[in-house]
Amino acid sequence: MKVLKFGGTSVGSVKSIQTLISILQKETANGENPIVVLSAMSGVTNLLTSMAEQAALGNTFNIQLEELQTRHFDAVKALLDVQNQNPVFTKLKIFFNELDDLLIGISSLKDLTPKTLDLILSYGERCSTVLVSKIAEQHFPESVFVDASLLIKTDNNFGQARVLTEVTDILIREFYKENSDKMLFVTGFIASNNDGRITTLGRGGSDYTASIFGAALNASEIQIWTDVNGMMTADPRMVKKAFPLGELTYTEAMELSYFGAKVIYPPTMIPVFLKKIPIVIKNTFQPEFIGTFIRHDCKESKLPIKGISSINDVSIINVEGSGMVGKAGFSGRLFSLLARENINVILITQSSSEHNITFAIHPADAVKAQQVISQEFELELEAKKLEAPVFEKQLSILAIVGENMKQTPGIAGKLFHALGRNGVNVRAIAQGSSEHNISVVISQPDLAKALNAVHDEFFENLNKTLNVFCLGTGSIGATLFRQLKEHKQFLQEHNGIQVRVAGISNSRKMIFNAEGIDLDNWKETLEESGEQADLGQFVAKMKLMNLPNCVFADNTASAAPIEYYDEIFRSTISVITCNKIGNSGSYQQYKTFKDSARLHGVDFFYETNVGAGLPIVRTLKDLMMSGDRVITIEAILSGTISFIFNHFKGDISFHDVVKMAQEKGYTEPDPRDDLSGTDFMRKILILARDAGYEFEASDVEIQKMLPQSCQDATSVEDFYSELKKSEAYFANMKKQAEDAGKVLRYIGKLENGKASITLQMVDGNHPFYTLSGSDNIISFTTERYKERPLVVKGPGAGAEVTAAGVFADLINVGAH
């Protein structure tokens, strides 16, 4: 025999009741009748509570009572044959009249006691069960309405009554023995004391009713029918990637449900736990889905944890003082006091020095707890043996749960790495010696971010999500979006990473979407739906959204974003940038960025500062991290200058080569911006700093390649005129090089603590001799690469390769 419990959403509408009937038809196909336990219609318990509270205030409740009646009467009209409707209308009308009389009495007295509230709330389950049992009678003539308050006996603790198990089991068995050929439709949630007064079983009480009946009758299985596909790995409202769990042990299910998993109520499992009766969580609206099995003999799981649960709103109280140290019985005195005052303690943690105890309670109990502690320990407080209890609110509890945790080292490390990496501060920690649960108290605004970060960390079969905020939509930004879109599938399959662009801004507009901006039409969305761009507001909104695994991507060449980098790091957000202004500013600024990123446990990647997509910064970092010593770095790090000198040969003039470079888009509108060597200097400066030198821009010596007259020209047109006039100067340099069998190269060099950029003639033995096109090249001479330097060569400019470098930095953030 099975017990099937249907929750509020399963009886909340005409369609859901029809589905319920079809589920029962399948269950009875083998000839056995289940026991059916029913909740009130969805929302009805809250409605009844509101009506009672309004009545106690002397306010009207007639509209709500009319709404309650209409919902039930509409279901009768839709699902019962006309000839069967009147008896049900009559029974329901009797209930509503009784309810009306009760509410009038409360309104007259202006008083609502827990005893009266229990009686009022009982009408929710009674009405729904009468309704569904009569509808079921059309399909199952043996259907019978059962008022559980006649069978389940409790103490007098109204609102949260404790079941008197022995007498309850006897009553249920005797009743079932007399009605074993019937299909019993039982009211959930309600019971009665020995005087016959209605009591209720507290939150999730209908599940408890099913468990009580199942345990009393040794059922083969208890099914809890709800509106989700079983118990999930996390709260699906906060964690979109949460997925249903196939099975759980009783311990795992109790831990998860205790810490906020509302699918099932913790006391539900106690009666069946003792008798090893399996519980199945099923979805009324997807009945074919297998659901979650909670049982004694689970198969071995490969998952290190089974789920992540949370309690959204808690307060903590910290009690500390020297009078606690070595004082036997202090904890007992404290928690006995709280128990006497019916203050439920959710979590406890105590330092090994015994100097303080921190515990979490429901916020509604916080003020009372402070008061009673201050009263109980008045003498100790006056003698300064205890400090005044410190109360903190707006906190949440996050708990990871799983029996495999006790066999798997490093679980706590993974948890705290995920939290720390995302800037989530842990206020208190608790773990039992059974190692089934690690609980942490965190700030309430961080809960959603923490849940998602921890979920990504532990469930490796899912892709880690990076939430990226992109500044700049020029050629590099636009190309990056295209590359992300084209490689979306590859990233998920081969890197286990999902990149979600959550914010985009240019100098005119900005948009945000925590679910991710569609990269197929980002440009149209930005123009049509974007708000006016404001860099400060863009950063503020990024921080406010508080998303996990957050990355700020600076794809501009502007100085404006640089002033926000440190603030972003302090918000535990990683930065990737192709903007070299930040790292080539003052050394103090460069150091601040590096230190801040390290201090806050985030990444600062800027590979594209030096060689676009070429792995130059990372190569230098790897050499130094592995203990190698850099002797010399030589480099050509300007695609423009590389192109010019690679084509300055034969009969072509320097003027014509520069003109050709500009026409091909290799130079800035004013070619002097490239030929001055300033951009090249910034790249050499960044490399020198990464190599460990505390250089300023003035420490890099730059040999000017242009005559002063070209530098001083008042316009681009005048510059080209001066270039023609100086042709003899450039022709002479070219001839000297050709006569010596060499080529001209503008080379940056770091050696013996000095950095310089000079125009040199190199022969065929030099690695830069064969450079072609607009390629960049860098040579590392180190202790390990002394005889034959390590050379990196390739395109060092262009939107495609620069965006690819930013892309690679982004993936490296995801790998951490």
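Note that the structure is predicted; figures quoted are calculated from it, not measured.

J.: I tried to follow the overall build of the chain on my own but got confused; where do I start?
T.: Along the backbone of the chain there are 30 helices and 29 strands. The globule rule puts the C-alpha radius of gyration for 816 residues at 28 Å, and the 37 Å found for the chain is more than 25% above it. With the C-alpha coordinates of the chain rotated into their principal frame, the extents come out at 115 × 75 × 55 Å. Going through the 816 residues of the chain one by one, you find that 53% of them count as buried. Partitioning the contacts of the chain with sequence separation of at least 6, the portion at a separation of at least 24 is 72%.

J.: Even after reading the chapter, I still don't get the sheet that holds strand 9 (residues 279-283), so can you show me in this structure?
T.: Strands belonging to one sheet form pairs held by backbone hydrogen bonds; the direction of such a pair is parallel or antiparallel. Spatial strand order, 3-4-2-1-7-9-10-8: eight strands in an open sheet with mixed pairing. Of all strands in the sheet, those with a lone pairing partner are strand 3 (143-146) and strand 8 (247-248), marking the two edges. Strand direction decides the pairing type here: strand 1 (residues 2-6) and strand 7 (residues 221-226), joined by five bridges, are parallel. Bridge pairing links Phe6 to Trp225 in strand 7. Across the sheet, helix 5 (residues 114-137) is in contact with strand 2 (35-38), strand 3 and strand 4 (183-187); its angle to strand 4 comes to roughly 165°.

J.: What am I meant to see in helix 23 (residues 639-647) here?
T.: At 3.6 residues per turn, the α-helix brings residues three or four places apart onto the same side. Summarising burial for helix 23: eight of the nine residues are buried, a large majority. Listing the buried residues of helix 23 in full gives Gly639, Thr640, Ile641, Ser642, Phe643, Ile644, Phe645 and Asn646. In the core, the buried residues of helix 23 are packed alongside strand 24 (630-636), helix 24 (654-663), helix 25 (672-675), strand 26 (743-751), strand 27 (754-762) and strand 28 (775-782).

J.: What am I meant to see in unusual backbone geometry here?
T.: Excluding glycine, residues mostly carry a negative phi; peptide bonds, for their part, are mostly trans. Non-glycine residue Lys276 carries a positive phi angle of around 55°. Mapped onto the secondary structure, Lys276 falls in the loop between helix 9 (269-275) and strand 9. In this model, Lys384 sits at a positive phi of 65°, which is unusual for a non-glycine residue. Relative to the helices and strands, Lys384 resides in the loop between helix 12 (378-382) and strand 14 (390-401).

J.: Honestly, the packing of aromatic side chains in this entry has me stumped. Any pointers?
T.: All chains considered together, the criterion is met by 28 aromatic pairs. Measuring from centroid to centroid gives 5.7 Å for Phe335 and Phe359, while their planes differ by 75°, and the two rings are edge-to-face. Within this pair, whereas Phe335 is found in helix 10 (residues 330-340), its partner Phe359 is found in strand 13 (residues 356-361), the two being separated by 24 residues in sequence. Aromatic ring contacts, followed pair by pair, group Phe552, Tyr565, Phe569, Phe593, Phe604 and Tyr606 into a single cluster. In this structure, Arg126 is placed above the aromatic ring of Tyr123, and the distance from its NZ or CZ to the ring centre is 4.3 Å.

J.: Would you mind showing me how to read the pattern of salt bridges here?
T.: Two side chains with opposite charge may pair up if their charged atoms get near one another. Tallied over the full model, the rule gives 36 salt bridges. Salt-bridge contacts for Glu137 lead to Lys134; the nearest nitrogen and oxygen are separated by 3.5 Å. Here Glu137 pairs with Lys134, and both are found in helix 5, just three residues apart, close to one helical turn. Assessed through its relative accessible area of 34%, Lys134 is described here as partly exposed. Salt-bridge contacts for Lys368 lead to Glu341; the nearest nitrogen and oxygen are separated by 3.7 Å. Separated by 27 residues along the polypeptide, Lys368 in helix 11 (residues 366-376) and Glu341 in the loop between helix 10 and strand 12 (345-350) bring together distant segments of the chain.

J.: I tried to follow the sheet that holds strand 27 on my own but got confused; where do I start?
T.: Taken in spatial order, the six strands of this open sheet run 25-27-26-24-28-29, and their pairing is mixed. A single partner strand is all that each edge strand has here, and the edge strands are strand 25 (700-702) and strand 29 (790-795). Averaged over all neighbouring strand pairs, the angle between strand axes comes to 20°, with direction disregarded. The pairing of strand 26 with strand 27 spans nine bridges and is antiparallel. The residue of strand 27 that forms the bridge with Arg745 is Gln760.

J.: What should I look at first to understand the packing of helix 3 (residues 62-79) against helix 4 (residues 82-109) in this one?
T.: Packed helix pairs are characterised by how far apart their axes lie and by the angle those axes make with each other. Look at helix 3 against helix 4: their axes get within 11 Å of each other, and the N-to-C directions meet at 165°. Regarding the angle of helix 3 to helix 4, the classification is roughly antiparallel. Seen from above, helix 3 lies across helix 4 with right-handed handedness. In contact with Leu65, Leu68, Gln69, His72, Phe73, Val76 and Lys77 of helix 3, helix 4 contributes Gln85, Val88, Phe89, Leu92, Lys93, Phe96, Leu99 and Asp100.

J.: Hey, could you run me through the pairing of strand 1 in this one?
T.: For a regular strand, side chains alternate in direction, first toward one face of the sheet and then toward the other. Counting buried positions along strand 1 yields four of five residues, so the element is predominantly enclosed. Direction of pairing for strand 1 relative to strand 2: parallel, over a ladder of four bridges. The residue bridging Lys5 from the neighbouring strand is Val37, located in strand 2. Each parallel crossover has a hand, and the one from strand 1 via helix 1 (residues 14-27) to strand 2 is right-handed.

J.: I tried to follow helix 26 (residues 678-690) on my own but got confused; where do I start?
T.: For helix 26, which comprises 13 residues, the first-to-last C-alpha distance of 19 Å matches the rise-based estimate of 18 Å (1.5 Å per residue) to within 8%. Counting buried residues in helix 26 gives 10 out of 13 residues, a clear majority hidden from the surface. Along helix 26, the positions that sit buried rather than exposed are Phe680, Met681, Lys683, Ile684, Leu685, Ile686, Leu687, Ala688, Arg689 and Asp690. Backbone geometry just downstream of helix 26 places Gly692 in the positive-phi region, at approximately 105°.

J.: Please explain the environment of Glu751 as it appears in this structure.
T.: Tracing the backbone shows Glu751 in strand 26. Taking C-alpha positions, Glu751 is 4.8 Å from Thr632, a pair spaced 119 residues apart along the chain. Within the structure, the side chain of Glu751 is placed 2.9 Å from the side chain of Thr632, a separation counted as a polar contact. A polar side-chain atom of Glu751 sits 3.3 Å from a polar atom in the side chain of Lys749.

J.: Mind showing me how you'd approach the side chain of Ser574 here?
T.: Note on placement: Ser574 falls in strand 22 (residues 574-577). Taking the relative accessible area as the measure of exposure, Ser574 reaches 4% and is therefore buried. In this structure, Ser574 is in contact with Arg421, Cys550, Val551, Phe552, Val602, Asp603 and Val813, ignoring residues within four places of it in sequence.

J.: Looking at this structure, how should I read the packing of helix 3 against helix 5?
T.: One can describe the packing of helix 3 onto helix 5 by two numbers: an axis separation of 11 Å at closest approach and a directional angle of 0°. Here helix 5 runs roughly parallel to helix 3, going by the angle between their axes. Across the interface between the two elements, His72, Ala75, Val76 and Leu79 from helix 3 touch Cys127, Ser128, Leu131 and Ile135 from helix 5. The class makeup of the residues in the contact of helix 3 with helix 5 is six nonpolar, two polar and no charged.

The rules behind each value
The residue numbers shown here count from 1 along each chain, following its written sequence. Note on the predicted model: pLDDT of at least 70 is required for a residue's local features to be given, and 80 or more for side-chain atom pairs to be given and counted; whole-chain, interface and lining totals, by contrast, use all residues. Hydrogens and water are ignored here; the side-chain numbers use all heavy atoms of the structure. Counting from the N terminus, the helices are the DSSP runs of H or I reaching at least four residues and the strands are the DSSP runs of E reaching at least two. We take the radius of gyration over the C-alpha atoms and set the globule estimate at 2.2 Å times the residue count to the 0.38 power. Each residue is placed in one exposure class: buried if its accessible area under a 1.4 Å probe, protein chains only, is under 20% of its type's maximum, exposed if it is over 50%, and partly exposed if it falls in between. Whether two residues are in contact is decided by their heavy atoms: any pair within 4.5 Å suffices. Here, a strand pair is defined by DSSP locating no fewer than two bridges between the strands. To get an axis, fit a line to the C-alpha atoms, keeping to the stretch in contact for a helix; angles then go from 0 to 180 degrees between the N-to-C directions. Stacked, edge-to-face and tilted are the three classes for Phe, Tyr and Trp ring pairs, Trp counted by its six-membered ring, which pair at centre distances within 6.5 Å; planes under 30 degrees apart are stacked, over 60 edge-to-face, the rest tilted. Placement of a charge over a ring requires the Lys NZ or Arg CZ to be within 6 Å of the ring centre, with the centre-to-atom vector within 35 degrees of the ring normal. When a carboxyl oxygen of Asp or Glu lies within 4 Å of a side-chain nitrogen of Lys or Arg, that pair is called a salt bridge. Just so you know how the angles are binned, under 35 degrees is roughly parallel, over 145 roughly antiparallel, 65 to 115 roughly perpendicular, and the rest oblique. A crossing counts as left-handed when the near helix is turned anticlockwise from the far one by less than a right angle, and as right-handed when that turn is clockwise. Here the term right-handed applies to a crossover when the path leading from its first strand over the helix to its second strand runs clockwise, the strands being oriented away from the viewer. Expected helix span is computed as 1.5 Å times (number of residues minus one). By the criterion applied in these results, polar contacts are pairs of N or O atoms within 3.5 Å in which, for protein atoms, one can donate a hydrogen and the other can accept it, and in which residues neighboring in sequence qualify only through two side-chain atoms. All residues other than Ala, Val, Leu, Ile, Met, Phe, Trp, Tyr, Cys, Pro, Asp, Glu, Lys and Arg, Gly among them, are scored as polar; the first ten of these are nonpolar and the last four charged.

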